[in-house]
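Now for the letters of each chain:
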Amino acid sequence: MKLTCAKPDTLYSVTSVSGDGPQYRRLLDMGFCPGSEVYVAGTAPFGGTVLVSLRGYSVALRESAADMINVEPCHGL
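Residues numbered from 1 in each chain as written. Predicted model: local features only at pLDDT ≥ 70, side-chain atom pairs only at ≥ 80, totals over all residues. Heavy atoms only, no water.

1. Some words on the overall build of the protein
A count of helices and strands for the protein gives 2 helices and 5 strands. The order of helices and strands in the protein, counted from the N terminus, is β-α-β-β-β-α-β. Dimensions of the protein, computed from C-alpha atoms along their principal axes, come out at roughly 35 × 30 × 25 Å. Taking all 77 residues of the protein together, 35% fall into the buried category. Accessible area for the protein stands at about 4500 Å²; split by element, carbon and sulfur atoms hold 53% of it. Charge-centre separation for the protein: the mean point of 6 positive side chains lies 5 Å from the mean point of 7 negative side chains. (Helix = DSSP H or I, 4+ residues; strand = E, 2+ residues; numbered from the N terminus. Buried < 20%, exposed > 50% of the residue type's maximum accessible area, 1.4 Å probe, protein only. Areas by Shrake-Rupley, 256 points an atom, 1.4 Å probe, with all protein chains shown as cover. Lys, Arg positive; Asp, Glu negative; His and termini not counted. Charge placed at Lys NZ, Arg CZ, Asp CG, Glu CD.)

Right, here's the structure in full:
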């Protein structure tokens, strides 16, 4: 599922990052690599941004960037 569809207050694992170009490279540089755990802290009321925590920091992603990240729920926690 896309990160934009993720439920708030839930831990996910990144399965892939799609796309290319500078935005794709920036997401990888920020740590959105396959296998990384991402905590979805919240979303904007009418879309637009997704607030996530990973690797010890928080970041607000635009919907277009969050749409490039595929995740699956972490199990066994």
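2. A few points about the pattern of salt bridges
Under the defined criterion, the tally for this structure stands at 1 salt bridge. The salt bridge involving arginine 25 is made with aspartate 29; its shortest N-O contact spans 2.9 Å. A residue pair is termed a helical-turn pair when its members lie 3 or 4 positions apart in one helix, as arginine 25 and aspartate 29 do in helix α1 (residues 21–30) at 4 residues. A relative accessible area of 46% places arginine 25 in the partly exposed class. On the basis of relative accessible area, aspartate 29 is assigned to the exposed category, the value being 56%. (Salt bridge = Lys/Arg side-chain N within 4 Å of Asp/Glu carboxyl O.)

3. Re α1
Those residues of α1 not exposed but buried are Leu27, Leu28 and Met30. Buried residues of α1 fall within an arc of 165 degrees about the axis and therefore sit on the same side. Across α1 from its buried face, at more than 90 degrees, point the exposed residues Pro22, Arg26 and Asp29. Of the surrounding elements, those touching the buried residues of α1 are β1 (10–17), β3 (49–54), β4 (57–62), α2 (63–66) and β5 (69–73). Downstream of α1 by a residue or two, glycine 31 has a phi angle that is positive, lying close to 110 degrees. (Arc of directions from axis to C-beta. Contact = heavy atoms within 4.5 Å.)

4. Quick word on the side chain of asparagine 70
By secondary structure assignment, the location of asparagine 70 is in strand β5. For asparagine 70, the side chain forms a polar contact with the side chain of serine 16, separated by 2.9 Å. Contact partners of asparagine 70, with chain neighbours within four places excluded, come to Met1, Lys2, Ser13, Val14, Thr15 and Ser16. (Polar contact = N/O pair within 3.5 Å; in protein donor to acceptor, adjacent residues only side chain to side chain.)

5. Some thoughts on the side chain of serine 36
You can see serine 36 is positioned in the loop between α1 and β2 (37–43). A distance of 2.9 Å separates a polar side-chain atom of serine 36 from the backbone oxygen of glycine 31. Within the structure, the side chain of serine 36 is placed 2.9 Å from the side chain of arginine 55, a separation counted as a polar contact. Filtering out sequence-adjacent residues up to four positions away, serine 36 remains in contact with Tyr12, Ser13, Val14, Gly31 and Arg55.

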